[in-house]
Amino acid sequence: MPSLRERFADAFEIGVALGGKLSKDYTPAELELISTQFSNITPENCMKPALIHPEENRYDFATPDDLVAFARQYWLNVTGHCLVWHQQCPDWIFADQGKPAPRDLVLQRTRQHIRQVLSWYRGALQGIDVVNEAIDDGPGYIRKSKWTQCIGDDYVEMAFRFAAEFGEGIRLYYNDYSIEMPEKREKAIRLVRDLKAKGLRVDGIGIQGHWMLDKVPFTELDKAIPEFAALGCKVMITELDLDMVRRETSGANPTAAESARDDPYVNGCPDAVLARQAQQYGELFHLFERHQRHITRVAFWGLHDGRSWLNSWPRKRTNHALLFDRQCRPKPAVAAVVA
Ligand code: XIL
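Residues numbered from 1 in each chain as written. Predicted model: local features only at pLDDT ≥ 70, side-chain atom pairs only at ≥ 80, totals over all residues. Heavy atoms only, no water.

Trainee: I'd like a rundown of the side chain of R247, residues and numbers included.
Mentor: Looking at the secondary structure, you find R247 in the loop between β10 (234–243) and α11 (271–290). From its side chain, R247 meets the backbone oxygen of T249 in a polar contact 2.6 Å long. Those residues in contact with R247 that lie beyond four places of it in its chain are H210, M212, E258, L310, W313, P314, R315 and R317. (Helix = DSSP H or I, 4+ residues; strand = E, 2+ residues; numbered from the N terminus. Polar contact = N/O pair within 3.5 Å; in protein donor to acceptor, adjacent residues only side chain to side chain. Contact = heavy atoms within 4.5 Å.)

Encoded structure:
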């Protein structure tokens, strides 16, 4: 059986999000899995503003540098994640001597942040999520956050402006969840169209892809991919996983928290359920292949079931969301995807 990256080599890259330090937190079997199955890696956390830039005059490049060095060694591309987000964002950006910082100061800090990260990783990043999750989940347009409070809704525009200023040679992406669904899709299209009308560069749109077993929005995806492509953007599935344990929260808002409930698959996932997962992953990749001229990357949010964020979000449970099990063995979904 070909590896995932071999199987889709002519269609799109196969990506994976990795947390921690590659040089010390991964077993040989895991490192082998990364380098054989995937062609693109994304830092799961360490490039987020709060981690890479914890204080105004301090950057922490050690962990992302480690990931970049690993990628070089194995000829993998790196996609950065993310320059501007309302989560995992340090408070100092928005504060000025105990008071909310004025717009100009927050803009200046944002520009400096973007400048430093993009300059440090020039030549190392293929692309980066410039803004993550800016669209409102409710009826509003831009999500209300400290970014809109301090700067205004045009923080998105300003972030893309700064990214274009310092990101020569790095592709610039807008990334969000549930933007394949009609309500958020319309707003995502409006946002990207507005940015482009202002002459700004948006090279790709990332559909996160945190879906639930038996609820994969195939029909909506089939519409969303060509509609995004018609804006002159490449399309990426950036954070794919299929949640196997029922959760109430749709989408992927990281602050959503659910109270503890049953943990049905703590001793393993039944074959019949794994077969359903295989069928749905297979159908997804069939759909991606049909749209392959628009798609540049399909990336999983985690290397294997044991490393998925869905084991702890939005509550602690034993999940089985990815293609490889906790021992790095291929699950039935791998054969379905390859087929
Ligand atoms: C998640 C990480 O996987 C977790 O380790 C962290 O605790 C919270 O963030 N959408 C995104 C990702 O864009 O950055 C989030 O990653 C998952 C939802």
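Trainee: Summarise helix α3 (residues 28–37); cite the residues concerned and give the values.
Mentor: All of the buried residues along α3 are E30, L33, I34, S35 and Q37. Structurally, α3 contributes buried residues whose contacts are with α1 (4–7), β1 (13–18), α2 (22–25), β2 (40–43) and α5 (62–73). (Buried < 20%, exposed > 50% of the residue type's maximum accessible area, 1.4 Å probe, protein only.)

Trainee: Got a sec to walk through the nonpolar core? Specific residues and values, please.
Mentor: For soluble globular proteins, the rule of thumb is that nonpolar side chains tend to be buried together. Counting residues in hydrophobic clusters, the biggest one holds 110 residues, and the most contacted among them are Y281, F285 and F288. Leave out the neighbours within four places in its chain, and F288 touches F12, W211, I237, L240, I295 and V298. In terms of nonpolar packing, the next biggest core, distinct from the first, is built from seven residues, L213, V245, V273 and L274 among them. (Core = buried A, V, L, I, M, F, W, Y, C linked by side-chain atoms within 4.5 Å.)

Trainee: Explain helix α9 (residues 182–197) residue by residue, including any values.
Mentor: The terminal C-alpha atoms of α9, which comprises 16 residues, lie 22 Å apart, in line with the 22 Å expected from a rise of 1.5 Å per residue. Among the residues making up α9, those that are buried are K184, R185, K187, A188, I189, L191, V192 and L195. Close packing links the buried residues of α9 with α8 (155–166), β7 (171–176), β8 (204–207) and α10 (218–229). G199 sits one or two positions beyond α9 and adopts a positive phi of about 85 degrees. (Expected span 1.5 Å × (residues − 1).)

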